[in-house]
Amino acid sequence: MSERVLELKNLHKSIKGKKIIKGIDLELFSGEVLGFLGPNGSGKTTTLRMIVGLIRMTEGEVIIAGHSIGKDFVKAMKNVGCIIENPEMYDYLSGWENLKILASMEKGISKERMKEVVSLVGMEKRIDDKVYTYSLGMKQRLGTAQAIMKRPKLLILDEPANGLDPAGISEFRKLIQKLAHEESMAVLVSSHILAEIEMMCDRVAIIKQGEVVQVTTVKNIVKDQGIIWKIKELQQGKKLLEEEFQASVQIKEDQTLLAFLGEELVPMVNKRFMEEGLGLIYVNKNQKSLEDLFLSLTEGDEIV
Amino acid sequence: MKLYSLVGNEVFKIIMKKRLWVIVGILIILIGLFAYGEHYTRERTQSQIAERIGIDDVDDWREITNQQLMDLERRLDNPFIPEEGRASIQVRAEQLRYYLSEDINPTTFSAAQFMSNFMEQSIFLFLPLLIILLASDIVSKESTTGTIKLLMTRPVPRWKILTSKLLALTILEMIVILLMATIALGISYITFGQGGFKEPVITGFRIVNGELDVSNIQTVSRGTYILMTYSLGYIVAFSIGKMALMVSVLVKSTAASIGIMMSSLIGGTFLSFFISDWEITRYLFNVNLRLTDFLSGDLQPVEGLSLSFSISILLLWALAATVVAFGVFSYKDILD
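Fair warning: this is a prediction, and the values are worked out from it, not measured in the lab.

1. A word on the overall build of chain B
Consideration 1: The helix and strand tally for chain B stands at 13 helices and 4 strands.
Consideration 2: Relative to its 336 residues, chain B shows a buried fraction of 34%.
Consideration 3: Taking the intrachain contacts of chain B between residues at least 6 apart in sequence as the baseline, contacts between residues at least 24 apart amount to 77%.

2. Some thoughts on the sheet that holds strand E10 (residues 211–217) of chain A
All names here are of chain A.
Consideration 1: With respect to topology, 6 strands assemble into an open sheet ordered E6-E7-E8-E3-E9-E10, the strand pairing being mixed. The open sheet is flanked by strand E6 (80–83) and E10, the only strands paired with a single partner. Each strand axis lies, on average, 15 degrees off the axis of its neighbour in the sheet, ignoring direction.
Consideration 2: Where strand E3 (residues 33–37) meets strand E8 (residues 186–190), 4 bridges bridge the pair, whose relative direction is parallel.

3. With respect to the interface of chain B and chain A
Many structure descriptions define interface size as the accessible area lost when the parts assemble.
Consideration 1: Contacts between the two partners involve 21 residues from chain B and, on the opposite side, 23 residues from chain A.
Consideration 2: Broken down by secondary-structure element, the contributors of at least two residues to the side of chain B that touches chain A are helix H1 (3–16) and helix H8 (148–152) of chain B.
Consideration 3: Its residues placed into classes, the side of chain B that touches chain A shows 10 nonpolar, 6 polar and 5 charged.

4. Comments concerning unusual backbone geometry
Residue and element names in this part refer to chain A.
Consideration 1: The phi angle at Arg151 is positive, at roughly 50 degrees, despite the residue not being glycine.
Consideration 2: Given 15 C-beta atoms within 10 Å, Arg151 falls into the partly exposed group.
Consideration 3: Despite not being glycine, Gln255 shows a phi value in the positive range, around 60 degrees.
Consideration 4: Looking at where Gln255 falls in the secondary structure, it is placed in the loop between strand E12 (248–251) and strand E13 (257–260).
Consideration 5: On the basis of neighbour counts, which here come to 10 C-beta atoms within 10 Å, the residue Gln255 falls in the exposed class.

5. A look at the nonpolar core
Burial of nonpolar side chains together is a common tendency in soluble globular proteins.
Consideration 1: Judged by nonpolar contacts, the single largest core of 145 residues is most densely connected at Ile156 and Val187 of chain A together with Ile131 and Leu245 of chain B.
Consideration 2: Counting residues per element, this core draws most heavily on helix H10 (residues 222–250) of chain B, at 13 residues.
Consideration 3: Once residues lying within four places of it in the same chain are set aside, the contact partners of Val187 of chain A are Val33, Leu34, Leu155, Leu157, Ile176, Leu179 and Ala180 of chain A.
Consideration 4: Judged by nonpolar contacts, the second largest core, of 10 residues, contains Ile231, Ala247, Ala259 and Phe273 of chain A.

6. Considering the environment of Ala76 of chain A
Residues and elements named next belong to chain A.
Consideration 1: You can see Ala76 is positioned in helix H2 (residues 73–77).
Consideration 2: Residue Ala76 is classed as buried on the basis of its 24 C-beta neighbours within 10 Å.
Consideration 3: Ala76 sits 12 residues away from Ile64 along the chain, and the two C-alpha atoms are 5.4 Å apart.
Consideration 4: The residues contacting Ala76, other than those within four sequence positions of it, are Ile64, His67, Ser68 and Ile69.

7. Some words on the packing of H1 of chain B against helix H9 (residues 158–192) of chain B
Residues and elements named next belong to chain B.
Consideration 1: Two elements in contact, H1 and H9, have axes whose closest approach is 8 Å; the angle formed by their N-to-C orientations is 55 degrees. One element, H1, and the other, H9, form an angle in the oblique class. Regarding H1 and H9, the two cross each other, and that crossing is right-handed. Of the residues in H9, those in contact with Leu3, Leu6, Val7, Glu10, Val11 and Ile14 of H1 are Lys160, Ile161, Thr163, Ser164, Lys165, Leu167, Ala168, Ile171 and Leu172.

8. Details of H9 of chain B
Residues lying three or four places apart along an α-helix face the same way, a consequence of the helix completing one turn every 3.6 residues.
Consideration 1: For H9 of chain B, with 35 residues, the first-to-last C-alpha span of 50 Å sits near the 51 Å given by 1.5 Å per residue.
Consideration 2: Where H9 of chain B ends, the next residue or the one after it, Gly193 of chain B, has phi of about 70 degrees, a positive value.

9. Some thoughts on the environment of Phe270 of chain B
Consideration 1: Counting through the fold element by element, Phe270 of chain B comes out in helix H11 (residues 254–274).
Consideration 2: With 10 C-beta atoms packed within 10 Å, Phe270 of chain B lands in the exposed category.

So, how was this worked out
- Residues numbered from 1 in each chain as written.
- Chains lettered and ligands numbered in written order.
- Predicted model: local features only at pLDDT ≥ 70, side-chain atom pairs only at ≥ 80, totals over all residues.
- Helix = DSSP H or I, 4+ residues; strand = E, 2+ residues; numbered from the N terminus.
- Buried ≥ 20, exposed ≤ 12 C-beta atoms within 10 Å, placed from the backbone.
- Contact = placed C-beta atoms within 7 Å.
- Pairing = 2+ DSSP bridges.
- Axes fitted to C-alpha atoms, helices over the stretch in contact; angles between N-to-C directions.
- Nonpolar A, V, L, I, M, F, W, Y, C, P; charged D, E, K, R; others polar.
- Core = buried A, V, L, I, M, F, W, Y, C linked by C-beta atoms within 7 Å.
- Parallel < 35°, antiparallel > 145°, perpendicular 65-115°, else oblique.
- Left-handed = near helix turned anticlockwise from the far one by under 90°.
- Expected span 1.5 Å × (residues − 1).

In structure tokens:
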């Protein structure tokens, strides 16, 4: 059974009397990728910073692999690799020197392991160059390398896809899924690129104004939500569907029909539409995307 | 985690930032100018004095010293010279009399003399500036660039991170002092062509209630004297470094950090000019920086200071700064 790697208990943070985080509870298990979503100013980064001890919590507890970050920082942080916000590195040092400095602050990271992660993130050719010559994407790769080189139980990535090109994003996604599913790391990813989260994560937590409003699996979000027909004669089509197939039908704003009925009936419906000459243009599955969920949950929010 | 490897990291970072090279560059240029200037002034004064008293041989130091002494005595008769000026002239005259009676030549100039002179001249402003240059960005640069997050998300407690920075800084302060000594020695040896480390130096002149107190006078070799001045220089570097470290923890921007340290350094000098009789000024660090003047017997900016008092004040400031730095560093939230 998978181990509980991260637990947030009733996490609160006030800064100068203003409540930024208002009681977050969250669990993360090994081998799982959890997406952390929220509009700007919702408290995503503040929460991530509290998890890694950069910010002290006002109330509540963060437990990483059984150790409280507030009470036993060193033991808890032994299990964490992270990039918080931007992948900042010492730009007057080379990539390798950066890794060496950071590795010396941990226990048991061998030179071989460092070389391994460098090739894992595809930086072998540029690792001896100074970091100020790197593009944002390369810094992102180096940041990932330093985060994963100690094989942490918990990997925290804040906006990891920033600056990566499409090929880089796809490679990165595969890397993260490999780390989670093969090395059974628990990965917490925050991103504002919803499609990314949808493809990368097993579960998503949506945060709004300092509170988690929904935690759900990605499968749940993208499950089928009816069938869509684009036809010329909407009213007749609706009538036909209702009378012959007993389906509940809506005419959507974009002049399509949305009906809820079994997939096996679709060829029959299509045949009937053509027989009646209703001008069938296309037929499609209606998939609700993460974006719809996100927008419906965070609708009308102002940045606080 | 082993502290020495953390200290090693910090020293490595400071060296790779190339700050030390900037300091070496500044030292070479400034010491070069200073040496040339000293050389030029010495020669001119000697020939001027020689011309005035009508001798050709500028090497006759007794005559020149006598003449200088007479000059000073004449100035003492001038009723328009203020009390403070009068006291320092008196000190200088007493010193010259002492040199004459003890048969010590004050006009020769050697590499060793230059070295101690250079530290005496730089201990209250130039040396602190170099240290500020070195120390002011030690934490603030990490805050500005965000690398502080890398450091603080390692399994290393925060106090250990700051301790490693503090120790690295303490080592580099020593290196700056050694660099100063080496560069001063090299350049002045080329310029003046003589070492002069065995020359006797008189130290321990003191002013008590406006009178020159010669009861503590000691003769030491110039080499020992240099060792003493550079050790005092290290005390100044040490305490200024700790204060710069504190400011670097308190403010995020390196520019602000350097600015705050420089203005308090220079502001203190002004303060000591204008309100030197205000009791509290003697507890400021910036009026206690002229430690070498206690050796040479020069007048202090504020009356009634002593070497041990000034050193204690500097160390107290360093201690207070370190306590504040640790307190803030251990508890602050890293928000950006």
